[in-house]
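# Examining the three-dimensional arrangement
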Amino acid sequence: MRSPVPAHAPVHGAEDHWRGRRVLVTGAGGFIGAHLVRRLGALGARVHAVGRRVRESTDGETWHVADVADEGAVEKLVTSVRPEVVFHLASEVAGARDPRLVLPMLHSNLTGVVNLLTAVAGAPGTRVVLAGSLEELRPEEGDRAPSSPYAVSKWAADGYARMFHHLWGVQVSNLRIGMVYGPGPQDTRKLVPYAALSLLRGQEPELGSGTRELDWVYVDDVVDAFLAAGETPDAAGRAFDIGTGKGTSIRDTVDLLSRIVGGRIGPRYGALTDRPLDSARIADPAPASEILGWRPTVGLEEGLRRTVEWFAREND
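A quick note: this is a predicted structure, and the numbers were derived from the prediction, not measured.

Reading the values: the criteria
Residues numbered from 1 in each chain as written. Predicted model: local features only at pLDDT ≥ 70, side-chain atom pairs only at ≥ 80, totals over all residues. Heavy atoms only, no water. Axes fitted to C-alpha atoms, helices over the stretch in contact; angles between N-to-C directions. Helix = DSSP H or I, 4+ residues; strand = E, 2+ residues; numbered from the N terminus. Parallel < 35°, antiparallel > 145°, perpendicular 65-115°, else oblique. Left-handed = near helix turned anticlockwise from the far one by under 90°. Contact = heavy atoms within 4.5 Å. Nonpolar A, V, L, I, M, F, W, Y, C, P; charged D, E, K, R; others polar. Salt bridge = Lys/Arg side-chain N within 4 Å of Asp/Glu carboxyl O. Pairing = 2+ DSSP bridges. Patch = residues over 30% accessible without salt bridge, like charges linked within 9 Å, V, L, I, M, F, W, Y side chains within 5 Å. Areas by Shrake-Rupley, 256 points an atom, 1.4 Å probe, with all protein chains shown as cover. Buried < 20%, exposed > 50% of the residue type's maximum accessible area, 1.4 Å probe, protein only. Polar contact = N/O pair within 3.5 Å; in protein donor to acceptor, adjacent residues only side chain to side chain. Phe/Tyr/Trp six-rings, centres within 6.5 Å; stacked < 30°, edge-to-face > 60°. Lys NZ or Arg CZ within 6 Å of the ring centre and 35° of its normal.

To continue, consider the packing of helix α8 (residues 250-261) against helix α10 (residues 300-314). For the pair α8 and α10, the least separation of the axes is 10 Å and the interaxial angle reads 55°. Compared by their axis directions, α8 and α10 come out oblique. Viewed along their axes, α8 and α10 form a crossing whose handedness is right-handed. On α10, the residues touching T253, L256, L257, I260 and V261 of α8 are L300, E301, L304, R305 and V308. Tallied by class, residues from the contact of α8 with α10 come to 7 nonpolar, 1 polar and 2 charged.

As structure tokens, then:
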């Protein structure tokens, strides 16, 4: 399969920072993880990629098979690799409001984080960057109910991260990521790949009302944020929103996709029921800009155009 897109050109000084460093990436077979592994490889890092199955190395990375919810497996991995930086992206991602998801989310998203932070607590100096979500509740939201089992698992993981930092000095930060999109293999049930593929095939995407606003952030910008958090000492003990700070409705997003594809078929709104407790989740990118020096650089139209072009090539 073709590589999704060429990696960003390294920012000034980034190549020197990452060259030769031992980096552990969990969830390396996922959408963001694959892009991050590719970029780290291009920067000369010694990448140890973790997944649930054996994969062929494509960018010089070393693959390990492990389940991060297995305490012994995580401890063994950290002991053997001795990473200087850990990017923890292994996660179950599902926005459904289904009680059967509570235990899987607890097991994968919370137990995995606790196992990793416990293992790293015995390795002073190791830095950890967690992949969080804008779906997490923030302190200023008071007694508001979490919107899904996924959202509450990410919120709880951030609490454990702050505890490990303040009690035991673990150098951990959490990136609350917006709605990530871009080229590359990914779950085609997600909105952008689902709508793009449907339109390219001449089919009507079936959607809800389309009124919900989301903060879309391009995958290469997200990788930039991980690298910035991994090399910024002041990131430890903090959580950062990773998004543009701009909300775009699902309707406007899919209508834009439709114009980019250029076919005669459009989306069918109202075909599905909107999910309960959905709300606009818009990033405040100011702290990430101030402390990490990070800003998104790819606008939504350009990012969607690159995404459609990739799917069109892959589905010739």
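Further remarks concern the pattern of salt bridges. Under the definition given, this model contains 11 salt bridges. Notably, a salt bridge pairs R189 with D187, separated by 3.0 Å at the nearest N-O pair. Each of E204, E206 and R268 takes part in one network of salt bridges that share partners.

What follows is about the sheet that holds strand β5 (residues 127-133). A sheet is described by the order of its strands in space; here 7 strands give the open sequence β3-β2-β1-β4-β5-β6-β10, paired in parallel fashion. What marks the edges here is a single partner per strand, and that holds for β3 (62-65) and β10 (239-242). On average, adjacent strands in this sheet sit at an angle of 20° to one another, irrespective of strand direction. Two strands pair when backbone bridges link them, and strand β1 (residues 22-26) and strand β4 (residues 85-88) are joined in this way by 4 bridges, in the parallel orientation. Residue L24 lies in a different strand from β4, and its bridge partner there is V86.

Residues Y160, M163, L167 and W168 make up a contiguous nonpolar surface patch of about 410 Å² in total accessible area. Turning to its location among the elements, Y160 is positioned in helix α5 (residues 149-168). Classification of Y160 by relative accessible area gives partly exposed; the value is 33%.

Another point: the side chain of S133. Relative to the assigned elements, S133 resides in strand β5. The exposure class assigned to S133 is buried, which follows from its relative accessible area of 4%. Only 2.9 Å separates the side chain of S133 from the backbone nitrogen of E135, close enough to count as a polar contact.

Next up on the list: the packing of aromatic side chains. Using the criterion set out here, one finds 6 aromatic pairs in the structure. With a centroid separation of 6.1 Å and 85° between ring planes, the pair formed by Y181 and W216 is classed as edge-to-face. Of the two residues, Y181 sits in strand β7 (residues 179-181) while W216 sits in strand β9 (residues 216-218), which places them 35 residues apart along the sequence. In this pair, the class of Y181 matches that of W216, namely buried. When the centroid spacing of 5.5 Å and the interplanar angle of 70° are considered together, the rings of Y181 and Y218 count as edge-to-face. In this pair, Y181 sits in strand β7 while Y218 sits in strand β9, placing the two residues 37 residues apart along the sequence. Across the pair, Y218 and Y181 agree in class, each one buried. Among the aromatic residues, those joined into a cluster by ring pairs are W18, F87 and F226. Across the ring face of Y269, the terminal group of R251 is positioned such that the distance to the ring centre comes to 4.0 Å.

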